[in-house]
Amino acid sequence: DAKTTQPPSMDCAEGRAANLPCNHSTISGNEYVYWYRQIHSQGPQYIIHGLKNNETNEMASLIITEDRKSSTLILPHATLRDTAVYYCIVPNDMRFGAGTRLTVKP
Amino acid sequence: KAGVTQTPRYLIKTRGQQVTLSCSPISGHRSVSWYQQTPGQGLQFLFEYFSETQRNKGNFPGRFSGRQFSNSRSEMNVSTLELGDSALYLCASSFRGHRTDTQYFGPGTRLTVL
């Protein structure tokens, strides 16, 4: 299984873009990158996923490097409600790492 | 569509007791996975059921077991509870449990063992 590496914490000013990096250098060719977030003591919430191409939905954008060894989740205009732990996963059996604790500050 | 539901939401038990937690997946989803989340260990995979069969299992002792019914609803059981079993137990459902399927999580059951 590919492993992921994320910074343990990040801060972002409200209204600015939050860019959350993830390293998945051992990813294989057919493995997707998934992003989830977990707001305190709630179940993780699906955000976005991708294979090769950049993806965008109503919540976020996902930028995957050409070699697929890393990706960046972008929250274009972060709000206080985006404060959460963000998990980057390359699932074969959905093993979660420690994630990045994003704090959006006013 | 209704989301994943878990019951009960909160539970308090004492050491040595057993507990059963329930999970109802999103309608049409056939795969249910269970996770344990503790402050020290983070989110850890327990097991996954698909079409009433356990398909994957994490590294947990045999005290942790589960089953899935024909309607895809799932239960997990923990016997001989220990203090360290205090955790948030999450279930997630997906259509097939395939690695390209998105998992949708329930709100969790908070178990406290005294």
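Every value quoted in this text rests on a predicted model; they were computed, and no experiment measured them. (Residues numbered from 1 in each chain as written. Chains lettered and ligands numbered in written order. Predicted model: local features only at pLDDT ≥ 70, side-chain atom pairs only at ≥ 80, totals over all residues. Heavy atoms only, no water.)

## A closer look at the overall build of chain B
Within chain B, the regular secondary structure consists of zero helices and eleven strands. Taken from the N to the C terminus, the helices and strands of chain B come in the order β-β-β-β-β-β-β-β-β-β-β. With the C-alpha coordinates aligned to their principal axes, the bounding extent of chain B is approximately 35 × 25 × 25 Å. Per-residue burial over chain B gives 48% buried out of 114 residues. Look at the contacts in chain B between residues 6 or more apart in sequence, and 55% of them connect residues 24 or more apart. (Helix = DSSP H or I, 4+ residues; strand = E, 2+ residues; numbered from the N terminus. Buried < 20%, exposed > 50% of the residue type's maximum accessible area, 1.4 Å probe, protein only. Contact = heavy atoms within 4.5 Å.)

## A short note on the interface of chain A and chain B
Think of interface size as the accessible area that goes away when the parts come together; that is how it is often given. Listed by partner, the interface residues are 16 residues for chain A and 15 residues for chain B. Viewed at the interface, chain B and chain A are joined by zero salt bridges. Between chain A and chain B we count five residue pairs in polar contact (both at pLDDT 80 or more) in total. Counting only elements with at least two residues in the side of chain A that touches chain B, the list comes to β3 (33–38) and β4 (45–50) of chain A. For the side of chain A that touches chain B, the element with the most residues is β3(A), which contributes three residues. (Salt bridge = Lys/Arg side-chain N within 4 Å of Asp/Glu carboxyl O. Polar contact = N/O pair within 3.5 Å; in protein donor to acceptor, adjacent residues only side chain to side chain.)

## Brief notes about the layout of surface pockets
Volume-wise, the largest pocket comes out at about 460 Å³. If you go around the largest pocket, you meet 19 residues; those closest to its centre are Gln38(A), Val85(A), Tyr87(A), Arg101(A) and Gln37(B). Elements supplying a minimum of two residues to the lining of the largest pocket: β8 (84–89) of chain A together with β4 (31–38) and β5 (42–50) of chain B. Among the elements that make up the lining of the largest pocket, the one with the highest residue count is β8(A) (three residues). Residue composition of the lining of the largest pocket, grouped by class: eight nonpolar, nine polar and two charged. (1 Å grid on protein atoms, 1.4 Å probe; cavity = no way out; pocket = protein on both sides within 12 Å on 5 of 7 lines; lining within 4 Å. Points joined across faces, edges and corners; volume = space filled by probe spheres on them. Nonpolar A, V, L, I, M, F, W, Y, C, P; charged D, E, K, R; others polar.)

## A word on the packing of aromatic side chains
Geometrically, a pair of aromatic rings is defined through the distance of the ring centres and the angle of the planes. Following the criterion strictly, the structure yields 13 aromatic pairs over all chains and no others. Ring centres 6.2 Å apart and planes at 20° place the aromatic pair Tyr34(A) and Tyr36(A) in the stacked group. Owing to a relative accessible area of 0%, Tyr34(A) belongs among the buried residues under this scheme. Residue classification places Tyr36(A) among the buried residues on the basis of a relative accessible area of 0%. The ring of Phe50(B) is capped by Arg55(B), whose NZ or CZ atom sits 4.3 Å from the centre of that ring. (Phe/Tyr/Trp six-rings, centres within 6.5 Å; stacked < 30°, edge-to-face > 60°. Lys NZ or Arg CZ within 6 Å of the ring centre and 35° of its normal.)

## Here's the deal with the pairing of strand β6 (residues 53–57) of chain B
All names here are of chain B. For β5 and β6, the ladder comprises four bridges, and the chain directions are antiparallel. From the neighbouring strand, Phe50 faces β6, where its bridge partner is Thr53. A loop of two residues connects β5 with β6, the two strands running antiparallel in sequence, and Ser51 in this loop sits at a positive phi of about 50°. (Pairing = 2+ DSSP bridges.)

## What about the pairing of strand β2 (residues 18–23) of chain A?
Both faces of the sheet carry side chains from a regular strand, because those side chains alternate between them. Residues and elements named next belong to chain A. Residues Ala18, Leu20 and Cys22 point to one face of β2 and are all buried, whereas Asn19, Pro21 and Asn23, pointing to the other face, are not buried. In the sheet, β2 pairs with strand β7 (residues 70–75) via six bridges, with the strands oriented antiparallel. When the bridges of β7 are listed, Asn19 appears paired with Ile74.

## Concerning the environment of Lys105(A)
Residue and element names in this part refer to chain A. Among the secondary structure elements, Lys105 is positioned in strand β9 (residues 100–105). Lys105 sits in the partly exposed class, given a relative accessible area of 41%. For the pair formed by Lys105 and Asp11, sequence separation is 94 residues and the distance between their alpha carbons is 7.1 Å. With residues up to four places along the chain from it excluded, the contact list for Lys105 reads Asp11, Cys12, Ala13, Glu14 and Leu80.

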